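# Survey of secondary and tertiary structure
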Amino acid sequence: MPAPAVPTVRTVAVLAFPGVVAFDLGVPCQVFSSAYAPGGTPLYRVMVCGPDDVTATAVGTACFRLRPGHPLRDAASADTIVVPGLARDAPEVASEILDLLRTAVRNGARVLSICTGAFVLARAGLLDGRRATTHWRMAGELARTHPLVEVEPKALYVDTGQILTSAGVAAGLDLCVHVVRSDHGPAVAADVARGVVMAPEREGGQAQFVRRPLPGPGEADLGPTLDWMRERLHLPLTLADIARRANTSVRNLNRRFQDQVGTAPLRWLLRARVDRARELLESTNLPVERVAERCGFGSPATFRARFAQRSGVSPSAYRAAFRFRENARREGHDARDVQDV
């Protein structure tokens, strides 16, 4: 039996410059440093690159100074470069950073931006003719100051292949986990998501925020309807069923879901069913057919297709990866010390 292949360790350079947003700087360090192969081998080498003395900010207030572990020039050899966001009053990004990014892209490196880091990529000309996003409050300014960029103000993140951009704050987590998923598959990405205590997956096209988090005048909160749907995931619910429970028309139901939840009713229902299936696959020994039945999928074949579409792997492969890790932890071992089955 051949020995398992040794995974390739990718190098990630996170840029640190004056006025960098502390949270945006920490997110890629945390996410990529948390990604391990089944045998415990780190999948990324993370470097923070920048000048000797950097002031980091939190919500526009200078909160601490840091000394990056690597000079800026070391980022030139990285497989992936991450550009965190900048505070509004941050000084202009040095031309050497823009030159480094342009050269890195020409040499085939992948470049990510978090939040207002998109403005740095735009200044370097790397977003011209591309789709991109940033924090929704800054999307209009990005579109105005860089008209060649196709700004998507609602997207959590945009992946155009070599260059990826994300919205603000927590969306940086979504983008970094998305990159791990693209590099190493959904099992590794979901394990990272667990480690940083976040949802395994939020799609890039999901809205950054709900336009009206509170119901309008004369409208009821959809919370009770969502609870009712969760209790009936095993039933073949239709839009008419949900609208009847919410005491509204199908048309108004769709509008209220978009306003209060940020997605369509049946899309929310599918996501809830897949999430419930993940729970059952992780915590029970039920056959896949029974999991499909309990989660309201019409047939095992439909369940497998829908689950793979949202999770990237089959139900059986998902269970094999995660039940094994849970068993290892219950036996008192770190999952990094053992091989997946």
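This one's a predicted model, so the numbers in the text were calculated from it and none came from an experiment.

Calculation notes
Residues numbered from 1 in each chain as written. Predicted model: local features only at pLDDT ≥ 70, side-chain atom pairs only at ≥ 80, totals over all residues. Heavy atoms only, no water. Helix = DSSP H or I, 4+ residues; strand = E, 2+ residues; numbered from the N terminus. Buried < 20%, exposed > 50% of the residue type's maximum accessible area, 1.4 Å probe, protein only. Contact = heavy atoms within 4.5 Å. Areas by Shrake-Rupley, 256 points an atom, 1.4 Å probe, with all protein chains shown as cover. Axes fitted to C-alpha atoms, helices over the stretch in contact; angles between N-to-C directions. Parallel < 35°, antiparallel > 145°, perpendicular 65-115°, else oblique. Left-handed = near helix turned anticlockwise from the far one by under 90°. Expected span 1.5 Å × (residues − 1). Phe/Tyr/Trp six-rings, centres within 6.5 Å; stacked < 30°, edge-to-face > 60°. Core = buried A, V, L, I, M, F, W, Y, C linked by side-chain atoms within 4.5 Å. Pairing = 2+ DSSP bridges. Right-handed = clockwise from strand over helix to strand, strands pointing away. Salt bridge = Lys/Arg side-chain N within 4 Å of Asp/Glu carboxyl O. pLDDT = per-residue confidence, 0-100. Nonpolar A, V, L, I, M, F, W, Y, C, P; charged D, E, K, R; others polar.

### Focus: the overall build of the protein chain
Within the protein chain, the regular secondary structure consists of 13 helices and 11 strands. Put simply, the protein chain has 341 residues, and 47% of those count as buried. Taking contacts inside the protein chain between residues at least 6 apart in sequence as the whole, the part at least 24 apart equals 64%. In the structure as shown, the protein chain presents an accessible area of about 16,600 Å², 52% of it carried by carbon and sulfur atoms.

### Some details on the packing of helix α1 (residues 22-33) against helix α5 (residues 171-184)
Orientation of α1 relative to α5, taken along the N-to-C sense of each, is 30°, at an axis distance of 9 Å. In terms of orientation, α1 and α5 fall into the roughly parallel class. Crossing handedness for the pair α1 and α5: right-handed. Note on element contacts: α5 touches α1 through Gly172, Leu173, Cys176, Val177, Val179 and Val180, opposite Val27, Pro28, Val31 and Phe32.

### Thoughts on helix α10 (residues 265-283)
The first and last C-alpha atoms of α10 sit 27 Å apart over 19 residues, in line with the 27 Å expected at 1.5 Å per residue. Buried within α10 we find Pro265, Trp268, Leu269, Leu270, Arg271, Ala272, Arg273, Val274, Ala277, Arg278, Leu280 and Leu281.

### Details of the packing of aromatic side chains
Tallied over the entire structure, the rule returns four aromatic pairs. Members of the aromatic cluster, each reached through a chain of ring pairs, are Phe297, Phe303, Phe307 and Tyr318.

### Quick look at the nonpolar core
In terms of nonpolar packing, the biggest core is built from 73 residues, with Leu15, Phe32, Ile81, Leu101 and Val180 touching the most fellow members. Ranked by the residues each element gives to this core, the list is headed by α5, at seven residues.

### Here's the deal with the pairing of strand β7 (residues 110-113)
On any regular strand, side chains alternate: one points to one face of the sheet, the next to the other face. Side-chain alternation along β7 places Arg110 and Leu112 on one buried face and Val111 and Ser113 on a second face that is also buried. Where strand β6 (residues 80-83) meets β7, four bridges bridge the pair, whose relative direction is parallel. When the bridges of β7 are listed, threonine 80 appears paired with arginine 110. Viewed along the sheet, the connection from β6 through helix α2 (residues 95-106) into β7 turns out right-handed. With three bridges connecting them, β7 and strand β11 (residues 163-166) associate as parallel partners. Opposite leucine 112, over in β11, you have leucine 164 as the bridge partner.

### Considerations on the sheet that holds strand β10 (residues 157-159)
On the basis of which strands lie adjacent, the open sheet formed by six strands has the order β3-β1-β6-β7-β11-β10 and mixed pairing. Only two strands of the sheet have a single neighbouring strand rather than two, namely β3 (44-49) and β10. Across this sheet, the average inter-strand angle for adjacent strands is 15°, counted without regard to direction. Here α1 sits on the sheet in contact with β1 (10-15), β3, β6 and β7, set at roughly 160° to β3.

### Regarding the pattern of salt bridges
As enumerated under the stated definition, the model contains 15 salt bridges in all. In this structure, arginine 102 and aspartate 99 form a salt bridge, with 2.7 Å as the shortest nitrogen-oxygen distance. With a gap of three residues between them, arginine 102 and aspartate 99 both fall in helix α2, about one helical turn apart. Taking relative accessible area as the criterion, aspartate 99 reaches 40% and is therefore assigned partly exposed.

### Looking at the side chain of histidine 178
If you trace the backbone, histidine 178 turns up in helix α5. Not counting residues up to four positions away in its chain, the partners in contact with histidine 178 are Tyr157, Asp159 and Leu164.

### Overview of the confidence of the model for the protein chain
This prediction gives the protein chain a mean pLDDT of 86; 85% of its residues lie at or above 70. Contacts from residues 332-341, a stretch scored under 50 in pLDDT, to residues over four places away or in other chains number 21 contacts.

### Some details on the packing of helix α7 (residues 223-230) against α10
The geometry of α7 relative to α10 is characterised by a closest axis approach of 11 Å and an angle of 45° between their N-to-C directions. The orientation of α7 with respect to α10, classified from their angle, is oblique. The hand of the α7/α10 crossing is right-handed. On the side of α7, the interface is formed by Leu226, Met229 and Arg230, while α10 contributes Pro265, Trp268, Leu269 and Arg276. Its residues assigned to classes, the contact of α7 with α10 shows five nonpolar, no polar and two charged.

### Some points on unusual backbone geometry
One non-glycine residue, cysteine 115, lies in the positive phi region at around 55°. A positive phi is found at valine 169, a non-glycine position, where the angle reads about 50°. Mapped onto the fold, valine 169 is located in the loop between β11 and α5. With relative accessibility at 47%, the residue valine 169 sits in the partly exposed group.

### Overview of the environment of leucine 266
In this structure, leucine 266 sits in helix α10. On a C-alpha basis, the gap between leucine 266 and isoleucine 242 in space is 9.4 Å, while along the polypeptide they are 24 residues apart. Sequence-distant contacts of leucine 266, defined by excluding residues within four places in its chain, comprise Leu239 and Ile242.

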